[in-house]
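Take a look at the letters that make up each chain.
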Amino acid sequence: AVADSLLKQFVALDIYEHYMDSPLMGSENVAVHVYDKWFATDAVPMKSESDRIAAKVFAEFNRQSLIGEKAQSLTLESLDGTVEEIMGPDGKGFRVLYFYDTDCAKCKIETILLRNLLNSGRYPVELYAIYAGNDSHEWHSYVNDRLAVKSSRHYWDPEVKSDFQRKYGVIQTPRMFLISPSGEIVGRGLDT
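In this text the structure is predicted, and so the values were computed from the model without any measurement.

Caption draft 1: Main features of the environment of V149. Within the element layout of this structure, V149 appears in the loop between α5 (136–146) and β5 (152–156). Each C-alpha atom, one on V149 and one on D36, is 40 Å from the other, the two residues being 113 residues apart in sequence. Discounting chain neighbours no more than four positions away, the residues touching V149 are R115, L118, N119 and L127.

Caption draft 2: Quick look at the sheet that holds β5. Spatial strand order, β2-β1-β5-β4-β3-β6-β7: seven strands in an open sheet with mixed pairing. Sheet topology places β2 (83–86) and β7 (185–188) at the edges, where each strand pairs with a single neighbour. Neighbouring strand axes in the sheet, compared pairwise and without regard to direction, differ in orientation by 35° on average. For strand β4 (residues 125–131) and β5, the ladder comprises five bridges, and the chain directions are parallel. Across the sheet, Y131 pairs through a bridge with W156, a residue of β5. Of the strands in this sheet, β3 (94–100), β4 and β6 (175–179) touch helix α4 (residues 105–119), which is tilted by about 160° from β3. Relative to the sheet, α5 contacts β1 (74–78), β3, β4 and β5, its axis offset from that of β5 by approximately 165°.

Caption draft 3: A look at the pattern of salt bridges. All chains considered together, the criterion is met by seven salt bridges. Across the pair R63 and D36 runs a salt bridge whose closest N-O atoms are separated by 2.8 Å. Here D36 lies in helix α2 (residues 28–39) and R63 lies in the loop between α3 (49–60) and β1, a separation of 27 residues in the sequence. Overall, R63 belongs to the partly exposed group, its relative accessible area being 25%. The salt bridge involving R63 is made with E60; its shortest N-O contact spans 3.1 Å. Classification of E60 by relative accessible area gives partly exposed; the value is 29%. Several salt bridges converge on common partners, so that one network encompasses D36, E60 and R63.

Caption draft 4: Inspection of the layout of surface pockets at higher detail. The calculated volume of the largest pocket comes to roughly 510 Å³. What lines the largest pocket is a set of 21 residues, and nearest its centre among them are Q172, P174, R175, G189 and L190. Among the secondary structure elements, those contributing two or more residues to the lining of the largest pocket are α4 and β6. Its residues assigned to classes, the lining of the largest pocket comprises eight nonpolar, six polar and seven charged. In this model, the second largest pocket occupies a volume close to 180 Å³. If you go around the second largest pocket, the residues you meet are V96, L114, L117, L118, Y123, V125, M176, F177, L178, L190, D191 and T192. Of all elements in the fold, only α4 and β6 reach the threshold of two or more residues within the lining of the second largest pocket.

What counts and how
- Residues numbered from 1 in each chain as written.
- Predicted model: local features only at pLDDT ≥ 70, side-chain atom pairs only at ≥ 80, totals over all residues.
- Heavy atoms only, no water.
- Helix = DSSP H or I, 4+ residues; strand = E, 2+ residues; numbered from the N terminus.
- Contact = heavy atoms within 4.5 Å.
- Pairing = 2+ DSSP bridges.
- Axes fitted to C-alpha atoms, helices over the stretch in contact; angles between N-to-C directions.
- Salt bridge = Lys/Arg side-chain N within 4 Å of Asp/Glu carboxyl O.
- Buried < 20%, exposed > 50% of the residue type's maximum accessible area, 1.4 Å probe, protein only.
- 1 Å grid on protein atoms, 1.4 Å probe; cavity = no way out; pocket = protein on both sides within 12 Å on 5 of 7 lines; lining within 4 Å.
- Points joined across faces, edges and corners; volume = space filled by probe spheres on them.
- Nonpolar A, V, L, I, M, F, W, Y, C, P; charged D, E, K, R; others polar.

Here it is in structure tokens:
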């Protein structure tokens, strides 16, 4: 235990920032734990109120989609207009959960790479592509022109009723997860 409060704050913030920004998949689990144990309880103060709010937002937008967590169900609208609940265990195989936007340059590149990889037939996964925007025409065109994948399902939530941003930490796109047949998140922050 560290008696000096400034040293304690320095160590806690250093650990938090290291794991929050680590390139190692799953490190966010440690950052959320540090926030919950030290900062949310006020056992250790953050440098400023704005830092505390940012840490709280980080924790809340990541806690439900950490490695090892059950994939949160989402109620979304499919291409044909039906409303479906997705995620949870299906026992059939692995699923890629891909959040994108049609105006996102990085998404356009990721979409091409993902489409080509999944259409190669070497990876037995089903794609759940979720459009994060609200332009129906753009969405349909994008799916037809860029995201035609053999084993895929396409959804959107133009009124953001499913809370997918908070459940899966979708602050920007693209955002990709790998879901196991049992419905557990086994990969996050992925690229093709």
